[in-house]
Amino acid sequence: MSGHFRAFSFVDQVTSIQDGSRVEGRYVIPGDLRAFPPCLAAEAVGQLAAWAAMKSSDFVRRPVAGLAGRVDLLGEARPGKVLELAADIESLDEEAISYRGTATSEGASVIALQDCVGPMIPVADLDDPDTLRDRLALLCAQGVPAGGFPGLPPLPFHRVGGEPGLSVRAAFAVPSSAPFFADHFPRRPVFPGSLLMQVCLQLSAELVAEIPPPARGQWRLQSVINMKLREFIPPAKELHLEARLKQRTADALTLTLDARAGDEVVGGARLLAEIDAVK
């Protein structure tokens, strides 16, 4: 069975779409998954905004990941539950889309995106425009059956250095093949920016675990700030990652994240961690 619209698609239904302003939808997280990481909730919001942008351009152009000004990690998205998605389009033209959005589950916030900008490129470079047009018509009508996503493959990194409590360096090999490439994208496989964010979050969690918190609580990763993707990352790309402690206060940490391919920076971000008080 083709992985298109199954292996990395996180919108089951578009419930409202207003050209150039707002789009709402939903996604049922498959119940047989072990977990649904926050990066996929962010991906779902981005995909919802992309459907609105493609419709507005009559499937001539579509956005790809570029800049996420702020991604707040607010709650848990649990397998078997429904994600309610919304994206507000702040600007849209042939060059770029700017939007903000949210994902909630059972009335609780899961993720919030602000100041996101995606460059617009020709749809036909990545996928078949008519296939996408038909898919949106289905999403806007009865929607599609839940349960297509098989889960993520392992995305391990290999720690290669750093200073305990100050930095972590790691090597990460983008898979040469994986189910999600059939969906992202059929005509040009690209490693999703949301998965790079997930790997960076895991790396950051290792560093944060080495930093003793105050006695009254523990560190919790809270926000990704100014995450930039500078180029497409193809299958089998070798990346070098670094998470570094930039600042510490009594109740917060600021980390910097960098992803490089050789000497070239392909992505970066800041990450905020705050105290999660023990109750």
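Relevant structure appears above.
Note that the structure is predicted; figures quoted are calculated from it, not measured.

Draft legend 1. Fine view of the overall build of the chain. The number of helices and strands found in the chain is three helices and 13 strands. Relative to the globule expectation of 19 Å for 279 residues, the C-alpha radius of gyration of the chain, 18 Å, shows essentially globular dimensions. Expressed along its principal axes, the backbone C-alpha trace of the chain runs to roughly 55 × 45 × 35 Å. Split into buried and exposed, the 279 residues of the chain put 49% on the buried side. Across the chain, contacts joining residues at least 24 apart in sequence account for 71% of those joining residues at least 6 apart. As displayed, the chain has an accessible area near 12800 Å², and 49% of this comes from carbon and sulfur atoms. In the chain, 28 side chains carry a positive charge and 34 a negative one; their mean positions are 5 Å apart.

Draft legend 2. How the structure looks around the side chain of Ser 167. As for its placement among the helices and strands, Ser 167 is situated in strand S9 (residues 167-173). Every residue in contact with Ser 167, bar those within four places of it in the chain, is listed here: Arg 159, Gly 161, Gly 162, Leu 207, Glu 242, Ala 243 and Arg 244.

Draft legend 3. Spotlight on the pattern of salt bridges. Summed over all chains, the structure comprises 13 salt bridges. With its nearest N and O atoms 3.6 Å apart, the salt bridge here joins Arg 78 to Glu 76. A salt bridge links Asp 88 to Arg 100, with the shortest nitrogen-to-oxygen separation between them at 3.3 Å. Taken together, the positions of Asp 88 in strand S5 (residues 82-92) and Arg 100 in strand S6 (residues 96-105) put the pair twelve residues apart, joining distant regions of the chain. For Asp 88, a relative accessible area of 18% gives the class buried. Exposure remark for Arg 100: the relative accessible area of 40% places this residue in the partly exposed category.

Draft legend 4. Main features of the packing of aromatic side chains. Taken as a whole and assessed by the stated rule, the structure comprises ten aromatic pairs. Aromatic pair Phe 172 and Phe 191: ring centres 5.7 Å apart, planes at 45°, arrangement tilted. Pair noted here: Phe 172 is in strand S9 and Phe 191 is in the loop between S9 and helix H3 (193-209), with a separation of 19 residues, a long-range link. Residue classification places Phe 172 among the buried positions, given a relative accessible area of 1%. Using a relative accessible area of 2% as the deciding quantity, one classes Phe 191 as buried. Put simply, the rings of Phe 8, Phe 10, Tyr 27, Phe 36, Phe 149, Phe 172, Phe 180, Phe 181 and Phe 191 touch in pairs and so form one group of aromatic residues.

Draft legend 5. Structural view of helix H1 (residues 38-56). For H1, which comprises 19 residues, the first-to-last C-alpha distance of 28 Å matches the rise-based estimate of 27 Å (1.5 Å per residue) to within 8%. With 15 of its 19 residues buried, H1 lies for the most part within the structure. After H1 finishes, the residue Asp 58 shows a positive phi value of roughly 55°.

Draft legend 6. How the structure looks around unusual backbone geometry. Of note, the amide linkage connecting His 184 to Phe 185 takes the cis form, showing an omega dihedral of 5°. Within the secondary structure, Phe 185 sits in the loop between S9 and H3. Backbone geometry at Phe 59 places phi at a positive 60°, although glycine is not the residue there. In this model, Asn 226 sits at a positive phi of 50°, which is unusual for a non-glycine residue. Position of Asn 226 relative to the elements: it lies in strand S10 (residues 217-229).

Draft legend 7. Just the side chain of Arg 62, in detail. Mapped onto the fold, Arg 62 is located in strand S3 (residues 61-63). One buried charged residue, Arg 62, forms no salt bridge at all, with the nearest opposite charge on Asp 127 at 5.9 Å. Setting aside residues no more than four positions away along its own chain, Arg 62 makes contact with Ala 50, Met 54, Pro 119, Met 120, Ile 121, Val 123, Leu 126 and Phe 185.

About the cut-offs
- Residues numbered from 1 in each chain as written.
- Predicted model: local features only at pLDDT ≥ 70, side-chain atom pairs only at ≥ 80, totals over all residues.
- Heavy atoms only, no water.
- Helix = DSSP H or I, 4+ residues; strand = E, 2+ residues; numbered from the N terminus.
- Rg over C-alpha atoms; globule rule 2.2 N^0.38 Å.
- Buried < 20%, exposed > 50% of the residue type's maximum accessible area, 1.4 Å probe, protein only.
- Contact = heavy atoms within 4.5 Å.
- Areas by Shrake-Rupley, 256 points an atom, 1.4 Å probe, with all protein chains shown as cover.
- Lys, Arg positive; Asp, Glu negative; His and termini not counted.
- Charge placed at Lys NZ, Arg CZ, Asp CG, Glu CD.
- Salt bridge = Lys/Arg side-chain N within 4 Å of Asp/Glu carboxyl O.
- Phe/Tyr/Trp six-rings, centres within 6.5 Å; stacked < 30°, edge-to-face > 60°.
- Expected span 1.5 Å × (residues − 1).

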